[in-house]
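# Overview (structure and organization)
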Amino acid sequence: MGAKVKDQTSVEMHDIPKNQAHPEDDKPHSWKDALFGRRARKYAFVFIVAFLAVLTVKDVFDLFEEYFDYPKESDINIVFNESMTMPNVTFCMSRQQAWSHFKLNLTAPADEWDAVVDENLANMTDHDAFMKTPWDYRLVMEAYDMIATYSSLERETTAHGSARSIHVFKNAPRLAAKRKTFKKWRDILDSRGITFDEFTQKTGIEVLRRSMQRFRRRTFDDDETVIKTKLRISWISQMQICFQPEFDQDNFKTIDDQGVFFDMLLSHNAENTEGQKIDCMSVDFHGRPSSLNRFMEGKGRSRDGYVDEVCLGQRHEVTAHVTALYQMLENDEQGTRCRDVEDGEDSEFNCRSRCRMEMIRDACHCTPLSLSYLAKKEDMEIFPLCDYTQCTVDVQKGNYSDTECANKCFPDCRQIRFEVDHSVKGRMLRPDLTLVELSWGPFEYLTMEQQWKYSATSFIAALGGSIGMWLGLSILSLIQLVTYSYTYFTKKIVNERILKKGNTFDKKTVNKK
(Lines give C-alpha, C1' and ligand atoms only; values in the text may rest on other atoms or scores of the structure.)
Protein backbone atom coordinates (compact mmCIF):
# COMPACT_ATOMS: atom_id res chain seq x y z
CA MET A 1 0.00 0.00 0.00
CA GLY A 2 2.78 2.37 0.85
CA ALA A 3 4.57 1.54 -2.35
CA LYS A 4 1.45 2.21 -4.35
CA VAL A 5 0.96 5.64 -2.77
CA LYS A 6 4.58 6.49 -3.39
CA ASP A 7 4.30 5.60 -7.08
CA GLN A 8 1.15 7.66 -7.48
CA THR A 9 2.72 10.65 -5.86
CA SER A 10 5.77 10.32 -8.13
CA VAL A 11 3.61 10.25 -11.21
CA GLU A 12 1.61 13.29 -10.12
CA MET A 13 4.73 15.30 -9.42
CA HIS A 14 6.18 14.29 -12.79
CA ASP A 15 3.07 15.55 -14.64
CA ILE A 16 3.28 19.04 -13.11
CA PRO A 17 5.28 21.54 -15.29
CA LYS A 18 8.65 22.48 -13.86
CA ASN A 19 7.91 26.22 -13.80
CA GLN A 20 4.86 25.53 -11.67
CA ALA A 21 6.17 22.76 -9.57
CA HIS A 22 8.67 24.82 -7.64
CA PRO A 23 8.35 28.58 -8.21
CA GLU A 24 11.19 29.18 -5.81
CA ASP A 25 13.61 27.47 -8.26
CA ASP A 26 13.82 30.73 -10.40
CA LYS A 27 15.16 32.65 -7.46
CA PRO A 28 18.94 32.75 -7.10
CA HIS A 29 20.18 30.51 -4.28
CA SER A 30 23.68 31.98 -4.18
CA TRP A 31 25.79 34.87 -5.47
CA LYS A 32 26.99 32.66 -8.30
CA ASP A 33 23.37 32.08 -9.32
CA ALA A 34 22.74 35.83 -9.18
CA LEU A 35 25.70 36.64 -11.45
CA PHE A 36 25.83 33.68 -13.78
CA GLY A 37 22.46 32.04 -13.47
CA ARG A 38 19.85 31.57 -16.18
CA ARG A 39 18.01 34.77 -15.32
CA ALA A 40 21.25 36.80 -15.27
CA ARG A 41 22.29 35.38 -18.64
CA LYS A 42 18.87 36.21 -20.07
CA TYR A 43 19.00 39.82 -18.87
CA ALA A 44 22.58 40.20 -20.06
CA PHE A 45 21.64 38.95 -23.53
CA VAL A 46 18.68 41.34 -23.74
CA PHE A 47 20.86 44.26 -22.61
CA ILE A 48 23.64 43.47 -25.08
CA VAL A 49 21.20 43.14 -27.99
CA ALA A 50 19.43 46.37 -27.03
CA PHE A 51 22.77 48.21 -26.66
CA LEU A 52 24.03 46.99 -30.03
CA ALA A 53 20.69 47.88 -31.62
CA VAL A 54 21.03 51.44 -30.30
CA LEU A 55 24.55 51.66 -31.75
CA THR A 56 23.29 50.34 -35.08
CA VAL A 57 20.44 52.87 -35.21
CA LYS A 58 22.87 55.68 -34.31
CA ASP A 59 25.34 54.65 -37.03
CA VAL A 60 22.59 54.37 -39.62
CA PHE A 61 21.19 57.78 -38.64
CA ASP A 62 24.66 59.37 -38.83
CA LEU A 63 25.23 57.75 -42.22
CA PHE A 64 21.97 59.12 -43.64
CA GLU A 65 22.70 62.55 -42.16
CA GLU A 66 26.15 62.58 -43.79
CA TYR A 67 24.76 61.32 -47.10
CA PHE A 68 22.21 64.11 -47.37
CA ASP A 69 24.91 66.69 -46.61
CA TYR A 70 26.37 65.63 -50.00
CA PRO A 71 29.96 65.22 -48.77
CA LYS A 72 32.87 65.56 -51.20
CA GLU A 73 36.34 64.14 -51.34
CA SER A 74 39.37 65.19 -53.36
CA ASP A 75 41.76 63.10 -55.37
CA ILE A 76 45.24 64.65 -55.71
CA ASN A 77 47.75 63.46 -58.30
CA ILE A 78 50.83 64.61 -60.16
CA VAL A 79 50.44 64.44 -63.94
CA PHE A 80 53.46 63.80 -66.15
CA ASN A 81 52.57 64.87 -69.68
CA GLU A 82 54.27 64.22 -72.99
CA SER A 83 52.79 67.44 -74.40
CA MET A 84 50.69 70.45 -73.43
CA THR A 85 47.72 72.14 -75.07
CA MET A 86 48.40 75.51 -76.64
CA PRO A 87 47.05 78.10 -74.16
CA ASN A 88 44.63 80.80 -75.22
CA VAL A 89 47.02 83.75 -74.96
CA THR A 90 45.84 87.38 -75.07
CA PHE A 91 48.16 90.28 -75.91
CA CYS A 92 47.14 93.86 -75.12
CA MET A 93 48.81 97.08 -76.19
CA SER A 94 47.94 100.68 -75.47
CA ARG A 95 46.12 102.81 -78.00
CA GLN A 96 49.07 105.22 -78.14
CA GLN A 97 51.38 102.43 -79.24
CA ALA A 98 48.88 101.09 -81.77
CA TRP A 99 48.36 104.56 -83.25
CA SER A 100 52.05 105.47 -83.36
CA HIS A 101 52.22 104.80 -87.12
CA PHE A 102 49.49 107.34 -87.89
CA LYS A 103 50.95 110.69 -88.86
CA LEU A 104 48.36 113.31 -88.08
CA ASN A 105 48.31 116.69 -89.79
CA LEU A 106 46.64 118.85 -87.18
CA THR A 107 46.69 121.89 -89.45
CA ALA A 108 44.69 120.24 -92.25
CA PRO A 109 41.05 121.34 -92.46
CA ALA A 110 38.35 118.92 -91.31
CA ASP A 111 36.67 119.04 -94.73
CA GLU A 112 39.75 117.50 -96.31
CA TRP A 113 39.67 114.64 -93.78
CA ASP A 114 35.96 114.03 -94.41
CA ALA A 115 36.43 114.09 -98.18
CA VAL A 116 39.10 111.37 -98.04
CA VAL A 117 36.97 109.18 -95.77
CA ASP A 118 33.85 109.59 -97.89
CA GLU A 119 35.73 108.82 -101.08
CA ASN A 120 37.24 105.62 -99.66
CA LEU A 121 33.91 104.44 -98.28
CA ALA A 122 32.20 105.13 -101.59
CA ASN A 123 34.72 102.88 -103.38
CA MET A 124 33.92 99.96 -101.06
CA THR A 125 30.59 99.12 -102.61
CA ASP A 126 29.89 95.69 -101.11
CA HIS A 127 30.74 93.37 -98.23
CA ASP A 128 33.86 91.82 -99.77
CA ALA A 129 35.31 95.14 -100.88
CA PHE A 130 34.79 96.56 -97.39
CA MET A 131 36.50 93.61 -95.70
CA LYS A 132 39.37 93.06 -98.15
CA THR A 133 40.40 96.58 -99.22
CA PRO A 134 43.27 98.14 -97.20
CA TRP A 135 42.09 101.24 -95.36
CA ASP A 136 43.54 104.71 -95.22
CA TYR A 137 44.65 105.63 -91.71
CA ARG A 138 41.80 108.17 -91.48
CA LEU A 139 39.22 105.40 -91.87
CA VAL A 140 41.06 103.31 -89.31
CA MET A 141 41.08 106.08 -86.73
CA GLU A 142 37.40 106.94 -87.22
CA ALA A 143 36.35 103.29 -87.04
CA TYR A 144 38.54 102.68 -83.99
CA ASP A 145 37.09 105.73 -82.23
CA MET A 146 33.56 104.55 -82.94
CA ILE A 147 34.16 101.04 -81.56
CA ALA A 148 36.08 102.35 -78.56
CA THR A 149 33.34 104.87 -77.74
CA TYR A 150 30.64 102.22 -77.79
CA SER A 151 32.80 99.91 -75.64
CA SER A 152 33.25 102.71 -73.12
CA LEU A 153 29.53 103.50 -73.11
CA GLU A 154 28.40 99.93 -72.76
CA ARG A 155 31.09 97.94 -70.96
CA GLU A 156 33.94 99.88 -69.35
CA THR A 157 31.88 101.30 -66.52
CA THR A 158 29.21 100.39 -63.99
CA ALA A 159 25.58 99.85 -64.97
CA HIS A 160 24.53 103.27 -63.72
CA GLY A 161 27.65 104.79 -65.27
CA SER A 162 26.65 103.24 -68.59
CA ALA A 163 23.20 104.84 -68.36
CA ARG A 164 24.78 108.21 -67.52
CA SER A 165 27.23 107.91 -70.46
CA ILE A 166 24.37 107.14 -72.85
CA HIS A 167 22.53 110.22 -71.60
CA VAL A 168 25.62 112.40 -72.11
CA PHE A 169 26.29 110.95 -75.58
CA LYS A 170 22.75 111.78 -76.66
CA ASN A 171 22.51 115.32 -75.27
CA ALA A 172 26.01 116.83 -75.03
CA PRO A 173 26.49 119.54 -77.74
CA ARG A 174 30.24 118.87 -77.86
CA LEU A 175 29.51 115.34 -79.16
CA ALA A 176 27.34 116.45 -82.07
CA ALA A 177 30.11 115.86 -84.65
CA LYS A 178 30.80 112.41 -83.22
CA ARG A 179 27.10 111.47 -83.37
CA LYS A 180 27.02 112.53 -87.02
CA THR A 181 30.15 110.53 -87.86
CA PHE A 182 28.85 107.43 -86.13
CA LYS A 183 25.55 107.64 -88.01
CA LYS A 184 27.48 107.76 -91.30
CA TRP A 185 29.37 104.60 -90.39
CA ARG A 186 26.19 102.89 -89.16
CA ASP A 187 24.55 103.54 -92.55
CA ILE A 188 27.61 102.15 -94.37
CA LEU A 189 27.59 98.97 -92.25
CA ASP A 190 23.88 98.43 -92.83
CA SER A 191 24.11 98.97 -96.59
CA ARG A 192 27.13 96.62 -96.94
CA GLY A 193 25.71 93.93 -94.69
CA ILE A 194 28.57 94.18 -92.18
CA THR A 195 28.01 92.94 -88.63
CA PHE A 196 29.52 94.88 -85.76
CA ASP A 197 31.80 91.95 -84.91
CA GLU A 198 33.12 91.88 -88.49
CA PHE A 199 33.58 95.64 -88.30
CA THR A 200 35.58 95.23 -85.08
CA GLN A 201 37.80 92.51 -86.55
CA LYS A 202 38.51 94.53 -89.70
CA THR A 203 39.31 97.69 -87.76
CA GLY A 204 41.63 95.91 -85.33
CA ILE A 205 43.52 94.14 -88.10
CA GLU A 206 43.96 97.43 -89.98
CA VAL A 207 45.40 98.98 -86.81
CA LEU A 208 47.80 96.11 -86.14
CA ARG A 209 48.96 95.36 -89.67
CA ARG A 210 51.12 98.46 -89.52
CA SER A 211 52.80 97.23 -86.32
CA MET A 212 52.83 93.45 -86.69
CA GLN A 213 56.11 92.25 -88.23
CA ARG A 214 55.90 88.66 -87.04
CA PHE A 215 53.15 86.72 -85.30
CA ARG A 216 53.75 82.99 -85.47
CA ARG A 217 53.51 79.66 -83.72
CA ARG A 218 56.83 77.85 -83.45
CA THR A 219 57.80 74.17 -83.14
CA PHE A 220 61.00 72.15 -82.93
CA ASP A 221 60.00 69.73 -85.69
CA ASP A 222 62.75 68.75 -88.11
CA ASP A 223 60.52 69.28 -91.12
CA GLU A 224 60.03 72.94 -90.10
CA THR A 225 56.25 72.68 -90.16
CA VAL A 226 54.53 75.96 -90.93
CA ILE A 227 51.53 76.59 -88.69
CA LYS A 228 49.12 79.14 -90.08
CA THR A 229 48.33 81.67 -87.39
CA LYS A 230 45.39 84.02 -87.67
CA LEU A 231 44.81 87.20 -85.71
CA ARG A 232 41.63 87.70 -83.72
CA ILE A 233 40.70 91.00 -82.08
CA SER A 234 39.22 90.46 -78.64
CA TRP A 235 38.92 94.03 -77.34
CA ILE A 236 39.03 97.64 -78.57
CA SER A 237 38.67 100.54 -76.18
CA GLN A 238 39.94 104.05 -75.61
CA MET A 239 42.70 102.58 -73.46
CA GLN A 240 43.92 99.50 -75.34
CA ILE A 241 43.51 97.01 -78.14
CA CYS A 242 43.76 93.29 -77.34
CA PHE A 243 44.26 90.38 -79.71
CA GLN A 244 44.82 86.62 -79.71
CA PRO A 245 46.38 84.02 -82.01
CA GLU A 246 43.71 81.86 -83.63
CA PHE A 247 44.10 78.48 -85.33
CA ASP A 248 41.81 76.31 -87.39
CA GLN A 249 41.48 72.60 -86.68
CA ASP A 250 44.32 71.60 -89.01
CA ASN A 251 46.77 74.08 -87.48
CA PHE A 252 46.00 73.64 -83.79
CA LYS A 253 49.10 71.77 -82.59
CA THR A 254 50.10 70.72 -79.10
CA ILE A 255 53.30 71.94 -77.45
CA ASP A 256 55.60 68.91 -77.63
CA ASP A 257 58.89 70.45 -76.44
CA GLN A 258 60.00 72.84 -73.76
CA GLY A 259 61.24 76.18 -75.01
CA VAL A 260 59.89 78.88 -77.30
CA PHE A 261 56.50 78.01 -78.78
CA PHE A 262 55.36 81.46 -79.97
CA ASP A 263 56.97 84.76 -80.88
CA MET A 264 55.77 88.21 -81.88
CA LEU A 265 57.78 91.05 -83.38
CA LEU A 266 56.22 94.53 -83.29
CA SER A 267 57.29 97.88 -84.65
CA HIS A 268 56.29 101.37 -83.62
CA ASN A 269 57.08 104.87 -84.78
CA ALA A 270 59.69 106.04 -82.30
CA GLU A 271 59.39 109.65 -83.45
CA ASN A 272 55.68 109.82 -82.63
CA THR A 273 56.15 108.18 -79.21
CA GLU A 274 59.16 110.23 -78.16
CA GLY A 275 58.46 112.17 -74.98
CA GLN A 276 55.20 110.29 -74.35
CA LYS A 277 54.55 107.87 -71.53
CA ILE A 278 53.50 104.68 -73.30
CA ASP A 279 52.02 101.93 -71.18
CA CYS A 280 53.74 98.56 -71.43
CA MET A 281 51.99 95.66 -73.12
CA SER A 282 50.47 92.74 -71.24
CA VAL A 283 50.30 88.97 -71.81
CA ASP A 284 47.52 86.86 -70.29
CA PHE A 285 47.74 83.06 -70.49
CA HIS A 286 44.14 82.67 -69.32
CA GLY A 287 42.90 84.13 -72.60
CA ARG A 288 40.72 86.79 -70.99
CA PRO A 289 39.52 89.26 -73.67
CA SER A 290 41.27 92.24 -72.10
CA SER A 291 43.34 93.23 -69.10
CA LEU A 292 40.21 94.90 -67.72
CA ASN A 293 38.45 91.55 -67.75
CA ARG A 294 40.15 90.61 -64.49
CA PHE A 295 38.20 93.36 -62.68
CA MET A 296 34.86 92.31 -64.18
CA GLU A 297 35.05 88.78 -62.78
CA GLY A 298 34.65 89.74 -59.14
CA LYS A 299 36.81 90.56 -56.16
CA GLY A 300 39.89 88.82 -54.87
CA ARG A 301 40.68 86.74 -57.96
CA SER A 302 44.10 85.26 -58.53
CA ARG A 303 46.45 87.30 -60.69
CA ASP A 304 48.37 84.28 -61.95
CA GLY A 305 49.21 83.78 -65.63
CA TYR A 306 49.49 87.50 -66.26
CA VAL A 307 52.36 89.89 -66.87
CA ASP A 308 52.07 93.59 -67.78
CA GLU A 309 55.68 94.75 -68.04
CA VAL A 310 56.33 94.05 -71.74
CA CYS A 311 57.69 97.47 -72.62
CA LEU A 312 58.72 98.98 -75.96
CA GLY A 313 62.13 98.61 -77.58
CA GLN A 314 63.16 95.52 -75.61
CA ARG A 315 63.47 91.78 -76.07
CA HIS A 316 61.21 89.88 -73.68
CA GLU A 317 61.13 86.21 -72.76
CA VAL A 318 57.97 85.09 -70.99
CA THR A 319 58.13 81.52 -69.64
CA ALA A 320 54.98 79.86 -68.39
CA HIS A 321 53.92 76.49 -67.06
CA VAL A 322 50.87 75.03 -65.37
CA THR A 323 51.30 74.58 -61.62
CA ALA A 324 47.90 73.13 -60.78
CA LEU A 325 44.59 72.13 -62.31
CA TYR A 326 41.53 72.12 -60.06
CA GLN A 327 38.29 70.40 -61.05
CA MET A 328 35.58 71.20 -58.54
CA LEU A 329 32.02 69.96 -58.35
CA GLU A 330 29.22 72.37 -59.17
CA ASN A 331 27.95 74.03 -56.01
CA ASP A 332 26.30 77.21 -54.69
CA GLU A 333 28.32 77.57 -51.50
CA GLN A 334 29.73 81.01 -50.83
CA GLY A 335 33.42 81.12 -51.68
CA THR A 336 33.48 77.92 -53.75
CA ARG A 337 30.45 78.28 -56.00
CA CYS A 338 31.08 77.41 -59.63
CA ARG A 339 29.53 75.92 -62.77
CA ASP A 340 30.83 73.59 -65.46
CA VAL A 341 31.03 75.52 -68.73
CA GLU A 342 30.06 73.27 -71.62
CA ASP A 343 30.42 74.03 -75.31
CA GLY A 344 27.93 76.69 -76.35
CA GLU A 345 27.45 77.99 -72.80
CA ASP A 346 28.48 81.41 -71.51
CA SER A 347 31.72 81.84 -69.64
CA GLU A 348 31.62 84.02 -66.54
CA PHE A 349 32.77 87.02 -68.59
CA ASN A 350 30.11 86.49 -71.26
CA CYS A 351 27.49 85.91 -68.57
CA ARG A 352 28.28 89.27 -66.97
CA SER A 353 28.34 90.88 -70.42
CA ARG A 354 24.93 89.41 -71.15
CA CYS A 355 23.63 90.96 -67.94
CA ARG A 356 24.83 94.35 -69.15
CA MET A 357 23.17 93.74 -72.52
CA GLU A 358 19.85 92.95 -70.80
CA MET A 359 20.14 96.08 -68.66
CA ILE A 360 20.61 98.29 -71.75
CA ARG A 361 17.78 96.49 -73.52
CA ASP A 362 15.48 97.28 -70.60
CA ALA A 363 16.56 100.93 -70.64
CA CYS A 364 16.70 101.60 -74.40
CA HIS A 365 14.80 98.70 -75.99
CA CYS A 366 17.74 97.93 -78.28
CA THR A 367 20.84 95.74 -78.44
CA PRO A 368 24.18 97.40 -77.53
CA LEU A 369 26.57 97.25 -80.47
CA SER A 370 29.68 96.01 -78.64
CA LEU A 371 27.61 93.19 -77.09
CA SER A 372 25.66 92.24 -80.21
CA TYR A 373 27.79 89.10 -80.63
CA LEU A 374 25.85 87.64 -77.69
CA ALA A 375 22.41 88.32 -79.21
CA LYS A 376 20.32 85.70 -80.98
CA LYS A 377 19.16 86.42 -84.50
CA GLU A 378 15.50 86.14 -83.61
CA ASP A 379 15.96 88.69 -80.80
CA MET A 380 17.47 91.27 -83.15
CA GLU A 381 14.06 91.86 -84.73
CA ILE A 382 12.67 92.83 -81.33
CA PHE A 383 15.81 94.63 -80.12
CA PRO A 384 17.66 96.20 -83.11
CA LEU A 385 21.12 97.68 -82.76
CA CYS A 386 21.13 100.74 -80.55
CA ASP A 387 20.94 104.28 -81.86
CA TYR A 388 21.53 106.12 -78.62
CA THR A 389 20.24 109.38 -80.06
CA GLN A 390 16.80 107.75 -79.77
CA CYS A 391 17.26 106.44 -76.24
CA THR A 392 15.85 108.47 -73.35
CA VAL A 393 17.45 107.68 -70.00
CA ASP A 394 16.35 109.31 -66.75
CA VAL A 395 19.64 109.33 -64.86
CA GLN A 396 18.27 111.26 -61.87
CA LYS A 397 15.29 109.07 -61.06
CA GLY A 398 16.26 105.81 -62.70
CA ASN A 399 18.09 103.10 -60.78
CA TYR A 400 20.13 101.09 -63.25
CA SER A 401 21.89 97.99 -62.01
CA ASP A 402 22.89 94.56 -63.29
CA THR A 403 24.15 93.29 -59.93
CA GLU A 404 21.26 90.89 -59.34
CA CYS A 405 21.86 89.28 -62.70
CA ALA A 406 25.65 89.28 -62.31
CA ASN A 407 25.34 87.43 -58.99
CA LYS A 408 24.10 84.44 -60.99
CA CYS A 409 27.32 84.34 -63.02
CA PHE A 410 29.64 81.75 -61.51
CA PRO A 411 33.30 80.95 -62.21
CA ASP A 412 34.21 77.84 -64.15
CA CYS A 413 34.64 74.75 -61.96
CA ARG A 414 37.76 73.92 -63.96
CA GLN A 415 40.50 76.24 -62.81
CA ILE A 416 44.07 76.32 -64.15
CA ARG A 417 46.88 78.05 -62.30
CA PHE A 418 49.93 79.28 -64.23
CA GLU A 419 53.31 80.39 -63.05
CA VAL A 420 54.83 83.05 -65.32
CA ASP A 421 58.43 84.23 -65.30
CA HIS A 422 59.26 87.39 -67.24
CA SER A 423 62.77 88.42 -68.10
CA VAL A 424 64.15 91.24 -70.25
CA LYS A 425 67.01 90.10 -72.48
CA GLY A 426 68.18 93.61 -73.26
CA ARG A 427 67.30 96.35 -75.72
CA MET A 428 66.72 95.74 -79.41
CA LEU A 429 69.29 96.93 -81.93
CA ARG A 430 66.53 98.95 -83.55
CA PRO A 431 64.73 101.08 -80.96
CA ASP A 432 61.44 100.89 -82.93
CA LEU A 433 61.16 97.09 -82.54
CA THR A 434 59.86 94.96 -79.67
CA LEU A 435 60.27 91.18 -79.54
CA VAL A 436 58.16 88.93 -77.32
CA GLU A 437 59.01 85.21 -77.07
CA LEU A 438 56.70 82.85 -75.21
CA SER A 439 58.37 79.74 -73.77
CA TRP A 440 56.95 76.69 -72.03
CA GLY A 441 58.50 75.23 -68.92
CA PRO A 442 57.88 71.83 -67.27
CA PHE A 443 55.04 69.61 -68.44
CA GLU A 444 54.12 68.10 -65.07
CA TYR A 445 51.63 69.68 -62.71
CA LEU A 446 49.41 68.93 -59.74
CA THR A 447 45.76 67.99 -60.24
CA MET A 448 43.00 68.04 -57.66
CA GLU A 449 39.63 66.63 -58.63
CA GLN A 450 36.58 66.73 -56.40
CA GLN A 451 34.19 63.78 -56.36
CA TRP A 452 31.06 62.92 -54.46
CA LYS A 453 31.98 60.74 -51.49
CA TYR A 454 28.99 58.48 -51.99
CA SER A 455 27.53 56.97 -55.11
CA ALA A 456 24.37 54.85 -54.93
CA THR A 457 26.48 51.68 -54.78
CA SER A 458 28.95 52.93 -52.17
CA PHE A 459 26.12 54.27 -49.99
CA ILE A 460 24.36 50.90 -49.99
CA ALA A 461 27.66 49.23 -49.15
CA ALA A 462 28.24 51.66 -46.27
CA LEU A 463 24.69 51.10 -45.05
CA GLY A 464 25.24 47.35 -45.10
CA GLY A 465 28.45 47.79 -43.13
CA SER A 466 26.70 49.93 -40.51
CA ILE A 467 23.88 47.51 -39.86
CA GLY A 468 26.23 44.53 -39.90
CA MET A 469 28.85 46.05 -37.63
CA TRP A 470 27.07 45.42 -34.33
CA LEU A 471 24.22 42.97 -34.97
CA GLY A 472 25.56 41.02 -37.92
CA LEU A 473 22.61 42.09 -40.06
CA SER A 474 22.76 42.60 -43.81
CA ILE A 475 20.73 44.17 -46.58
CA LEU A 476 19.35 40.70 -47.28
CA SER A 477 18.26 40.48 -43.64
CA LEU A 478 16.40 43.79 -43.98
CA ILE A 479 14.70 42.56 -47.13
CA GLN A 480 13.65 39.37 -45.34
CA LEU A 481 12.36 41.42 -42.40
CA VAL A 482 10.30 43.65 -44.69
CA THR A 483 8.95 40.63 -46.56
CA TYR A 484 8.07 38.84 -43.33
CA SER A 485 6.39 41.94 -41.90
CA TYR A 486 4.38 42.43 -45.06
CA THR A 487 3.31 38.78 -45.10
CA TYR A 488 2.43 38.84 -41.39
CA PHE A 489 0.32 41.99 -41.55
CA THR A 490 -1.35 40.83 -44.74
CA LYS A 491 -2.33 37.53 -43.15
CA LYS A 492 -3.37 38.98 -39.79
CA ILE A 493 -5.15 42.11 -40.97
CA VAL A 494 -6.45 41.25 -44.40
CA ASN A 495 -7.09 37.54 -44.20
CA GLU A 496 -8.23 37.23 -40.60
CA ARG A 497 -9.96 40.53 -39.78
CA ILE A 498 -11.38 41.57 -43.13
CA LEU A 499 -12.34 38.07 -44.27
CA LYS A 500 -13.68 37.21 -40.82
CA LYS A 501 -15.75 40.37 -40.88
CA GLY A 502 -17.00 39.38 -44.34
CA ASN A 503 -18.00 35.89 -43.15
CA THR A 504 -19.87 37.35 -40.18
CA PHE A 505 -21.77 39.63 -42.52
CA ASP A 506 -22.70 36.65 -44.74
CA LYS A 507 -23.98 34.66 -41.75
CA LYS A 508 -26.16 37.55 -40.63
CA THR A 509 -27.60 37.81 -44.11
CA VAL A 510 -28.38 34.07 -44.20
CA ASN A 511 -30.02 34.20 -40.78
CA LYS A 512 -32.24 37.06 -41.87
CA LYS A 513 -33.38 35.07 -44.86
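Residues numbered from 1 in each chain as written. Predicted model: local features only at pLDDT ≥ 70, side-chain atom pairs only at ≥ 80, totals over all residues. Heavy atoms only, no water.

We apply this condition: UniProt positions are given in the numbering used here, feature names are shortened, and annotations may be inferred rather than shown by experiment.
Per an unreviewed UniProt entry, the protein is named Amiloride-sensitive sodium channel, and its organism is Caenorhabditis elegans. Regarding the protein, the UniProt comment filed under Subcellular location (unreviewed entry) reads as follows: "Membrane". The heading Sequence similarities (unreviewed entry) in the UniProt record of the protein holds the text "Belongs to the amiloride-sensitive sodium channel (TC 1.A.6) family."

## Overview of the state of the cysteines
Selection criterion: The criterion for a disulfide is a pair of cysteine sulfur atoms lying within 2.5 Å. The secondary structure listing takes helices from DSSP runs of H or I that are at least 4 residues long and strands from runs of E that are at least 2 residues long, numbered from the N terminus. Burial classes: relative accessible area under 20% of the type maximum marks a residue as buried, over 50% as exposed, and values in between as partly exposed (1.4 Å probe, protein chains only).
Inspection of every chain in the model, using the stated rule, returns 7 disulfides. Disulfide partner of Cys-280: Cys-311, at an S-S distance of 1.8 Å. Of note, the bridge from Cys-280 to Cys-311 carries an S-S torsion of about 80° and is right-handed in sense. Of this pair, Cys-280 sits in the loop between α12 (270-273) and β7 (281-284) while Cys-311 sits in the loop between β8 (306-310) and β9 (314-327), placing them 31 residues apart in sequence. Classification of Cys-280 as partly exposed rests on a relative accessible area of 30%. Relative accessible area serves as the criterion here: at 23%, Cys-311 is assigned to the partly exposed category.

## Some details on the nonpolar core
To be explicit about the condition: Nonpolar cores were defined as sets of buried Ala, Val, Leu, Ile, Met, Phe, Trp, Tyr and Cys residues, with membership established by side-chain atoms within 4.5 Å. An automatic or database domain assignment is the source of the domain bounds shown. Note on contacts: a residue pair is in contact if any heavy atoms of the two residues lie within 4.5 Å.
Formed by 79 residues in total, the largest nonpolar core has its most connected members in Phe-91, Phe-130, Phe-199, Tyr-388 and Leu-438. Per-element accounting of this core gives the leading share, 11 residues, to helix α8 (residues 137-154). Counting only domains with at least three residues in this core, you end up with domain 2 (72-94 + 213-329 + 414-452) and domain 3 (102-209 + 334-412). Not counting chain neighbours up to four residues away, the residues in contact with Phe-199 comprise Phe-130, Trp-135, Ala-143, Met-146, Ile-147, Trp-185, Leu-189 and Ile-194. By size, the runner-up hydrophobic cluster in this structure holds 6 residues, among which are Val-60, Leu-63, Tyr-454 and Phe-459.

## Here we look at the pattern of salt bridges
Convention followed: For this document, the term salt bridge refers to a Lys or Arg side-chain nitrogen within 4 Å of an Asp or Glu carboxyl oxygen.
Counting across every chain of the model gives 26 salt bridges. In this structure, Arg-354 engages Asp-346 in a salt bridge whose closest nitrogen and oxygen atoms are separated by 2.6 Å. Taking the shortest distance from any N to any O, the salt bridge between Arg-430 and Asp-432 comes out at 2.9 Å. Residue classification places Arg-430 among the partly exposed residues on the basis of a relative accessible area of 46%. With a relative accessible area of 19%, Asp-432 lands in the buried category.

## Notes on unusual backbone geometry
Despite not being glycine, Tyr-70 has its phi angle at roughly 50°, a positive value. Within the fold, Tyr-70 resides in the loop between α4 (38-67) and β1 (72-79). In this structure Tyr-70 comes out as exposed when scored by relative accessible area, which is 52%. In this structure, His-365 takes a positive phi of about 55° despite not being glycine. By relative accessible area, which is 55% here, His-365 ends up exposed.

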